[in-house]
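Results of the structural survey
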Amino acid sequence: MSGSITALAPAKINLGLNVFPRRDDGYHDVLSIFSTVALFDEVTVSRTGGKRECIVRCEGMELPEQNTVAAAYKAFCVLTGIDSGVSVSIRKRIPAGGGLGGGSSDASSFIQAVNSLFDAGLGIESLSAIAENVGSDVCFFAHALFADGGRRFRQFEPFAAVVEGRGERVRQIAHRSDFSVLLVFPETGVSTGAAYELLDRRAAFAHHGSAASLEEMYRSPVCSWRFENDFTVPVCECYPAVRKALSCVRSCGADFADMSGSGSTVFGIFAEKSRGIRARKALEHDFKVLLL
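These remarks concern the structure in this document. (Residues numbered from 1 in each chain as written. Predicted model: local features only at pLDDT ≥ 70, side-chain atom pairs only at ≥ 80, totals over all residues. Heavy atoms only, no water.)

**A short note on the nonpolar core**
- By size, the foremost hydrophobic cluster in this structure holds 41 residues, and its most contacted members are Val-45, Tyr-73, Phe-76, Val-86, Val-88, Phe-110 and Phe-140.
- Discounting chain neighbours no more than four positions away, the residues touching Val-86 are Val-45, Ser-46, Arg-47, Thr-48, Glu-53, Cys-54, Ile-55, Tyr-73, Phe-110, Val-114, Leu-117 and Phe-118.
- Core analysis: the next-biggest nonpolar cluster, separate from the first, contains 27 residues, Leu-198, Cys-236, Cys-248 and Val-289 among them. (Core = buried A, V, L, I, M, F, W, Y, C linked by side-chain atoms within 4.5 Å. Buried < 20%, exposed > 50% of the residue type's maximum accessible area, 1.4 Å probe, protein only. Contact = heavy atoms within 4.5 Å.)

Shown next as structure tokens:
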């Protein structure tokens, strides 16, 4: 067993995010295509002498004692019987409250890292069981990082999937790489809880299509995409900075543009990278932007 492992934790964007009414257990079912993008946090895990301790340090952020990484390690120890301690250092590049799944990706990469660090040999079913208990989006990242035998937490390979249920039903689909993604970061964050409150308050859940129709749209030309994110309208109504960013991306000629997840990051899809480059140059004076 090695003494330390560094794992990549990629961000994701949502292409369409349909949210259904609150279930009896308090959760909402969703239907979405999740796609990883080449923006990463780095999660370094080292063994310590403490028993089942999990010391988490995050660059530029103060985490609560009860956090997703600590919860993931507790579940890992219960499942495997391992009682060693670990220290975790997270180098953040994915903005918090940005709708890009940074915290969920960190937790999933951590699970994959300790699985390797301790030679635990857990497969995707066990990793998904841990992920489901930690957070809804963690399940997607568990599949994204474990695909092809589990090497993806050390090197980035794009991954896309149709995600359903509360996030635990993940079906991989062929990832498209024939377009560029421009991420635009408004100077505000939106908590997932606050976004769901806005949506519940509206109580206007639309009738949505099927997973098959979503996948069919994903395979069609980008200029014909009509994906809808149910969070976009209520979040833009309450967060002017998000509304402005999305308007600017659309005005720069994106073939498709929307907000990712529950916000606040917005993105533009460009079938031609040259147009994405021009859009980046037009927007970088007013926003932090990243072209992938």
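**Description of helix H3 (residues 124-134)**
- Within H3 the residues assigned to the buried category are Leu-127, Ser-128, Ile-130, Ala-131 and Val-134. Buried residues of H3, seen end-on, are gathered within an arc of 160 degrees and therefore sit on one face of the element. Away from its buried face by more than 90 degrees, H3 exposes Glu-125 and Asn-133.
- The inward-facing, buried residues of H3 contact helix H1 (68-80), helix H2 (102-117) and helix H4 (138-146). (Helix = DSSP H or I, 4+ residues; strand = E, 2+ residues; numbered from the N terminus. Arc of directions from axis to C-beta.)

**Some words on the packing of aromatic side chains**
- The final tally for this structure, using the stated rule, is 14 aromatic pairs.
- Ring plane angle 70 degrees and centroid distance 5.1 Å describe the contact between Phe-140 and Phe-141, whose orientation is recorded as edge-to-face.
- The exposure class assigned to Phe-141 is buried, which follows from its relative accessible area of 0%.
- Through a chain of ring-to-ring contacts, three or more aromatic side chains come together here, namely Phe-179, Tyr-218, Trp-225, Phe-227, Phe-256 and Phe-267.
- Taking NZ or CZ as reference, Lys-12 lies 5.1 Å from the ring centre of Phe-34, over its face. (Phe/Tyr/Trp six-rings, centres within 6.5 Å; stacked < 30°, edge-to-face > 60°. Lys NZ or Arg CZ within 6 Å of the ring centre and 35° of its normal.)

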